[in-house]
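# Tertiary structure, described
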Amino acid sequence: MIRVRWFRHGHEQRNDWLRFGLMRLHRAGRVRYGEYPLGACVAAGFDASVSDHEHRHTSVVLVEDGSSALRCIVDSEDSFFWMSPLVHHADLYFCAGYNRKFFEERTFTPPFAWQQPEEIAFYVQRARDLVRDHGAVFERVRPFVPIGPDLHIELALPRLARKLRNAHHKMASRALSSQSWFFAYRDFEVRYRKLLSLRSAPALHDIVLLDTLWGWPRHRHALHLRLRELAEAGCHIHARLRWSEPTSLDGGDRFPLSAAGFPLETGRVENYESMLASSRLGVFATGFHWGWRNIMTLALMWGLPIHADRLLLEPWFDMDRFEISWNDDVDWPNVGARLAAVSDVERARIKAHNQSAFDALLAPERVAEYFIKAALGANVPRGRRGNDNRAHQGVAA
């Protein structure tokens, strides 16, 4: 029986989608899944620096099949630009921000023709630094999946129910070396069913978007100006662009905007998820680090037609499995045409196609299955397992 041990900490919610999938596989009798305190990873073969590390969107997981024990780091940072030095302390490093050319050819090519040199200079240098510092272990990196939809749910539990949960946790902690995940699993199921129920939402709005002015602000600002134009032409647009201080990382400080003009609002956004599910077209600018956006992944789950910047990041599967239209310009000239093309019939067709692709590739169990298969199928050279500090002395952890 395949055994998966997850060493928990407080900053890994982005990996709950994988966690939920592993829980489901456990309950189906296909794997043995357990959760443990982060500090227990050292006894399981991880270097002490993994336990001491200040984790950010990274998870520590051991996968065993009786003959192999693979130390895995699952990194759901926005992109490879913020990959962790923990790659040196893992047999496999699953990267949500994967880019094949970067990890296989050790090169970075800025993807958007509209970006000016000062808007990408930091990232060009950052890519060189990462190759210098970690390129020797890039063969350990594996593509992963986009950051999954948020599985957190606030339940209005009566006092007795809360007391029962606390009592269960205390009893399980005393009786077991592992941590109980029973109630986390139940909450995930409630949230997942709620999200699935929104797949059938009718088209009540044309475009709905909540956004923040970061990540090439002139490009994001241009999108919201375009949405305002469409609203003035009679489209049902609900969008809000919030202010964010400009930064030199993306050259935003070279194209200053006035905070007095924000938030830039068109229509009114209330209950974002339900309004987005009831929209005709999802429109997304890429994130600050060309990152996967979990709200875009949620839109794919619902099957919505999507118009977005081309993705620098690549999951383990071909994104062409989804039907997405792409933007290549700074000022989003084709949003109106794309919206006009999405009739009720076309929306229904695309939704059926994208929902089917999502269920085949990104449902929680499918993500967990890929993770286990990729881990156990790894050809890890002898001497790579266990602590391997000697191979990378001087690299910060």
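Quick note: structure is the one above.
Residues numbered from 1 in each chain as written. Predicted model: local features only at pLDDT ≥ 70, side-chain atom pairs only at ≥ 80, totals over all residues. Heavy atoms only, no water.

The next thing to look at is the environment of Glu119. If you trace the backbone, Glu119 turns up in helix H4 (residues 117–134). Using a relative accessible area of 1% as the deciding quantity, one classes Glu119 as buried. When sequence neighbours within four positions are dropped, the list of residues in contact with Glu119 reads Trp114, Trp216, Arg218, Leu249, Asp250, Gly251 and Phe255. Looking at Glu119, its side chain comes within polar contact range of the main-chain nitrogen of Gln116, at 2.8 Å. A polar contact is formed between the side chain of Glu119 and the side chain of Arg218, at a distance of 2.8 Å. (Helix = DSSP H or I, 4+ residues; strand = E, 2+ residues; numbered from the N terminus. Buried < 20%, exposed > 50% of the residue type's maximum accessible area, 1.4 Å probe, protein only. Contact = heavy atoms within 4.5 Å. Polar contact = N/O pair within 3.5 Å; in protein donor to acceptor, adjacent residues only side chain to side chain.)

Attention now goes to the sheet that holds strand S7 (residues 207–212). With mixed pairing, the 3 strands of this open sheet are ordered in space as S7-S8-S9. The open sheet has two edge strands with one neighbour each: S7 and strand S9 (264–266). On average, each strand axis in the sheet is inclined to that of its neighbour by 5 degrees, with strand direction left out of account. As judged from the 6 bridges shared by S7 and strand S8 (residues 237–242), these two strands associate in the parallel manner. Bridged to Leu209 within S8 is Ala239. In this fold helix H7 (residues 217–232) packs onto S7, S8 and S9, with an angle of close to 150 degrees to the strand it touches most, S8. (Pairing = 2+ DSSP bridges. Axes fitted to C-alpha atoms, helices over the stretch in contact; angles between N-to-C directions.)

Side-chain direction in a regular strand flips from residue to residue, so the side chains alternate between the two faces of the sheet. Most of strand S4 (residues 69–75) is tucked away: 6 of the 7 residues are buried. Summarising the sheet, strand S3 (residues 58–64) and S4 pair through 7 bridges and their orientation is antiparallel. Bridge assignment links Leu62 to a residue of S4, and that residue is Arg71. Between S3 and S4, which pair antiparallel one after the other, the connecting turn spans 4 residues, and Gly66 there sits at a positive phi close to 95 degrees. The sheet contact formed by S4 and strand S5 (residues 92–95) spans 4 bridges and is parallel. Bridge pairing in S5 places Val74 opposite Phe94.

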